[in-house]
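Fold and geometry: a report
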Amino acid sequence: MIQHHPSIDRLIAFSAGSLPLSQSLCISAHIEHCQQCRQDIRRLNHIGSTLIEELPPSPVPDALKQAVMERINQIGPRNSEDTAAPPGSGDVPRCLRSLLPAGLYNIPWKRLSPSIFGAKLCTDVNGSKIEMLKIKAGGQVANHNHTGEEITLVLEGSFSDADGVYRKGDIIFRNCEDKNHRPIASQNADCICLTAVEAPIQFTGFFARLLNPLIRRSHYSS
Amino acid sequence: MSAVNAIIDVKELQQLIELVARDRDQQAFSQLFEHYAPLIRAYSLAREPGAYLVADELVQEVLVKLWNKAHLYNSAKANANTWIFTLARNCRIDYLRRNGRYATEVDPEDLYDSLEDDSADPFEATQQKKTAQKVREGLKQLPVEQSQVLAKVYLEGKTQQETAGELNLPLGTVKSRVRLALQKLEILIRGYGQ
């Protein structure tokens, strides 16, 4: 049972299409697991459609209609958008299938520490980094603070921190007010997460602080 | 300039989309164009006033998508207007993406795809119909200060932060106006954290 959901403000922005990609990806992967939030998004979509219906219509040039009619004439009986898109392979959320074509279990991980592995997916236009993260069973991420927001979505296994336990489908938001965030994966299975980090996090332990210059490479080291 | 049609009722629009899907009916498509093109153009102009070329491009993309995807439309799942809104929103994101204002790595369609999953649930379909009705009736009765905030977010594509800046309001006020609106529209029906 999913316990940790996005706020209504984020669901609205997602429904309106005004959320940056980094956040949209995490929300999209969450709603694929969460029927409750899917229902909310569908409800919220009615706001968009009703607002559009009530706009004063803007007259369309005749040439535009001709252009569109010509385009559909060239399309022919059925084109490649024939069928609905297939579901993602294995346990990859649909929004990640183009970024993880080989599936969740064939990710080219980079070892960041004995228990932490990362794989960069992409960088958003706002600079947020979108990465996959694997914490080996029982493994721990070094104590860190956040200088920007970090969004984590659990895709496999579970992890916990001082505030609770997070399981498959749970989404977690952390920012600079969350001091000394120290996630630990559950003992029985590796934990695989999707993460979006707005700005580099800072390690706070004495030795870990030496790692701060390295985190441009990845946000997570041990 | 095309004449703006008399209001067509949403059931008729649904039937027209079904005709396009089944028979590739160009007459039906033409009627859908007459109804939706001026609204989609207005939707684009709400975000970028004066950007007529952008608006015309969006109209073209959305209508071609309507033609190509009509057979995926299911009136039991969504009413016609809501379906068109999702096409227009996704095309808008795609436009921003092609112009470097949104990351390019993911197709916007993939972001919203999982919403199609609960199609078989008749209870959910009934609930959605009720909500659509409630939203249509309720939006007109919202105080302007609340509907204005929703319009900034949905039509102009603003974040709540940007909305607060433009209206010269604290962010908390914008958030509470949104919440009050959602309560009145009976969309906010459970507790929300974060």
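Residues numbered from 1 in each chain as written. Chains lettered and ligands numbered in written order. Predicted model: local features only at pLDDT ≥ 70, side-chain atom pairs only at ≥ 80, totals over all residues. Heavy atoms only, no water.

**Comments concerning the overall build of chain A**
What counts here: The numbering of helices and of strands both runs from the N terminus, where a helix is a DSSP run of H or I of at least 4 residues and a strand a run of E of at least 2. Each residue is placed in one exposure class: buried if its accessible area under a 1.4 Å probe, protein chains only, is under 20% of its type's maximum, exposed if it is over 50%, and partly exposed if it falls in between. Contacts are assigned to residue pairs with any non-hydrogen atoms lying within 4.5 Å of each other. Areas reported as accessible are Shrake-Rupley estimates using a 1.4 Å probe. Residue values count occlusion only from the protein chains shown.
On a plain count of helices and strands, chain A comes out with 5 helices and 11 strands. The buried share of chain A, taken over its 222 residues, is 57%. Long-range pairs, those at least 24 residues apart, make up 64% of the contacts in chain A with a sequence separation of at least 6. A total accessible area of about 9300 Å² is found for chain A, and carbon and sulfur atoms account for 52% of it.

**Let's talk about the interface of chain A and chain B**
What counts, and what does not: Buried area: the sum, over both parts, of the accessible surface (1.4 Å probe) that disappears when the two are put together. We define a salt bridge as a side-chain nitrogen of Lys or Arg found within 4 Å of a carboxyl oxygen belonging to Asp or Glu. Any pair of nitrogen or oxygen atoms within 3.5 Å is treated as a polar contact; in protein, a donor-acceptor pairing is required on top of that, and neighbouring residues in sequence qualify only through side-chain atoms on both sides. Note on residue classes: Ala, Val, Leu, Ile, Met, Phe, Trp, Tyr, Cys and Pro are nonpolar, Asp, Glu, Lys and Arg are charged, and everything else, Gly too, is polar.
At the interface, 77 residues of chain A touch 81 residues of chain B. Buried area between chain A and chain B, both sides added, is near 7500 Å², and the carbon and sulfur share of it is 58%. Connecting chain A to chain B are 9 salt bridges. Asp 110 of chain B is paired through a salt bridge with Arg 97 of chain A; the nearest N and O atoms lie 2.8 Å apart. Summed over the shared surface of chain A and chain B, the number is 26 residue pairs in polar contact (both at pLDDT 80 or more). Every element with two or more residues in the side of chain A that touches chain B is listed here: α1 (8–16), α2 (21–33), α3 (35–53), α4 (62–75), β2 (116–123) and β8 (171–174) of chain A. Sort the elements by how many residues they give to the side of chain A that touches chain B and α3 of chain A lands first, with 19 residues. The residue makeup of the side of chain A that touches chain B, split by class, is 38 nonpolar, 22 polar and 17 charged.

**What about unusual backbone geometry?**
All names here are of chain B. Phi at Arg 24 is positive, roughly 50 degrees, even though this residue is not glycine. Mapped onto the elements, Arg 24 comes out in the loop between α1 (10–23) and α2 (26–47). Positive phi, normally seen in glycine, also occurs at Asn 168, with a value near 60 degrees.

**Here we look at α1 of chain A**
α1 of chain A sits mainly inside the fold: 9 of its 9 residues count as buried. Note on α1 of chain A: the residue one or two positions beyond its end, Gly 17 of chain A, has a positive phi of about 85 degrees.

**Comments concerning the packing of aromatic side chains**
Rules: Only rings of Phe, Tyr and Trp enter the pairing, Trp through its six-membered ring, and a pair is recorded when the two centres are within 6.5 Å. The plane angle decides the type: under 30 degrees is stacked, over 60 is edge-to-face, the rest tilted. Only when the NZ atom of a Lys or the CZ atom of an Arg is both within 6 Å of the ring centre and within 35 degrees of the ring normal do we say a charge sits over the ring.
Tallied over the entire structure, the rule returns 5 aromatic pairs over all chains. Arranged with centres 5.0 Å apart and planes meeting at 45 degrees, the rings of Phe 159 of chain A and Tyr 166 of chain A form a pair that is tilted. Given a relative accessible area of 4%, Phe 159 of chain A falls into the buried group. Among the residues examined, Tyr 166 of chain A registers a relative accessible area of 2% and is labelled buried. Ring centres of Tyr 73 of chain B and Trp 83 of chain B lie 5.0 Å apart, and the angle between their planes is 45 degrees; this geometry places the pair in the tilted category. On the criterion of sequence distance, the pair formed by Tyr 73 of chain B in the loop between α3 (52–69) and α4 (80–98) and Trp 83 of chain B in helix α4 is long-range, its members being 10 residues apart. What makes Tyr 73 of chain B buried here is its relative accessible area of 7%. Sitting above the plane of the Phe 117 of chain A ring, Lys 134 of chain A keeps its charged end 5.5 Å from the centroid. Directly above the aromatic system of Trp 67 of chain B lies the positively charged group of Arg 24 of chain B, at a separation of 4.3 Å from the ring centroid.

**Section: the sheet that holds strand β5 (residues 150–156) of chain A**
Filter applied, for reference: Pairing between strands requires that DSSP locate at least two bridges from one strand to the other.
The 6 strands lie next to each other as β1-β2-β3-β10-β5-β8 (chain A), forming an open sheet whose pairing is antiparallel. A strand with exactly one partner marks an edge of an open sheet, and here the two such strands are β1 (110–111) and β8 of chain A.

**A closer look at the nonpolar core**
The following threshold applies: To form a nonpolar core, buried Ala, Val, Leu, Ile, Met, Phe, Trp, Tyr and Cys residues must be joined to one another through side-chain atoms within 4.5 Å. Residue ranges assigned to each domain were obtained from an automatic or database domain assignment.
Grouped together as the largest cluster of nonpolar side chains are 109 residues, with contacts concentrated most on Ile 47, Leu 96, Met 132 and Leu 194 of chain A. The residue makeup of this core includes at least three contributed by each of domain 1 (1–120) and domain 2 (121–194) of chain B. One finds Val 141, Val 154, Tyr 166 and Ala 185 of chain A within the second-largest nonpolar core, a separate group that totals 12 residues.

**Description of α3 of chain A**
Condition: Here the expected span of a helix is defined as 1.5 Å times the quantity of residues minus one.
Counted at 1.5 Å a residue, the expected span for α3 of chain A with its 19 residues is 27 Å, and the 27 Å between its end C-alpha atoms agrees. Counting buried positions along α3 of chain A yields 15 of 19 residues, so the element is predominantly enclosed.

**Here's the deal with the packing of α1 of chain B against α4 of chain B**
All names here are of chain B. Where we set the bar: Axes here refer to lines fitted to C-alpha atoms; in helices the fit is confined to the stretch in contact. Angles between the N-to-C directions go from 0 to 180 degrees. Angle categories: roughly parallel below 35 degrees, roughly antiparallel above 145, roughly perpendicular from 65 to 115, and oblique for all the rest.
Interhelical geometry of α1 versus α4 gives an angle of 60 degrees and a closest axis separation of 8 Å. In this view, α1 runs oblique relative to α4, as classed from their interaxial angle. For the pair α1 and α4, contact is made by Val 10, Leu 13, Gln 14 and Ile 17 and by Ala 80, Asn 81 and Trp 83, respectively. A breakdown of the residues in the contact of α1 with α4 according to their chemical character gives 5 nonpolar, 2 polar and no charged.

**Topic: the environment of Ser 186 of chain A**
Residue and element names in this part refer to chain A. Inspection of the secondary structure puts Ser 186 in the loop between β9 (184–185) and β10 (191–197). Between the C-alpha atoms of Ser 186 and Gly 157, which are 29 residues apart in sequence, the distance is 7.3 Å. In this structure, Ser 186 is in contact with Ala 137, Gly 138, Ser 158 and Phe 159, ignoring residues within four places of it in sequence. Looking at Ser 186, its side chain comes within polar contact range of the side chain of Asn 188, at 3.0 Å.

**Structural notes on the confidence of the model for chain A**
Stated precisely, the cut-off is as follows: Residue-level confidence of the predictor, termed pLDDT, takes values from 0 up to 100.
The predicted model of chain A averages 85 in pLDDT, with 82% of residues at 70 or higher. Of all helices and strands in chain A, the one with the weakest mean pLDDT is strand β11 (residues 201–203) of chain A (60), whereas α1 of chain A scores best (95).

**Points about the packing of helix α7 (residues 144–154) of chain B against helix α9 (residues 171–184) of chain B**
All names here are of chain B. At a minimum axis distance of 9 Å, the contact between α7 and α9 shows a crossing angle of 100 degrees. By the angle class used here, α7 and α9 are roughly perpendicular. Facing α7, whose interface residues are Glu 145, Gln 146, Val 149 and Leu 150, α9 presents Val 174, Arg 177, Val 178, Leu 180, Ala 181 and Lys 184. Residue classes in the contact of α7 with α9 are distributed as 6 nonpolar, 1 polar and 3 charged.

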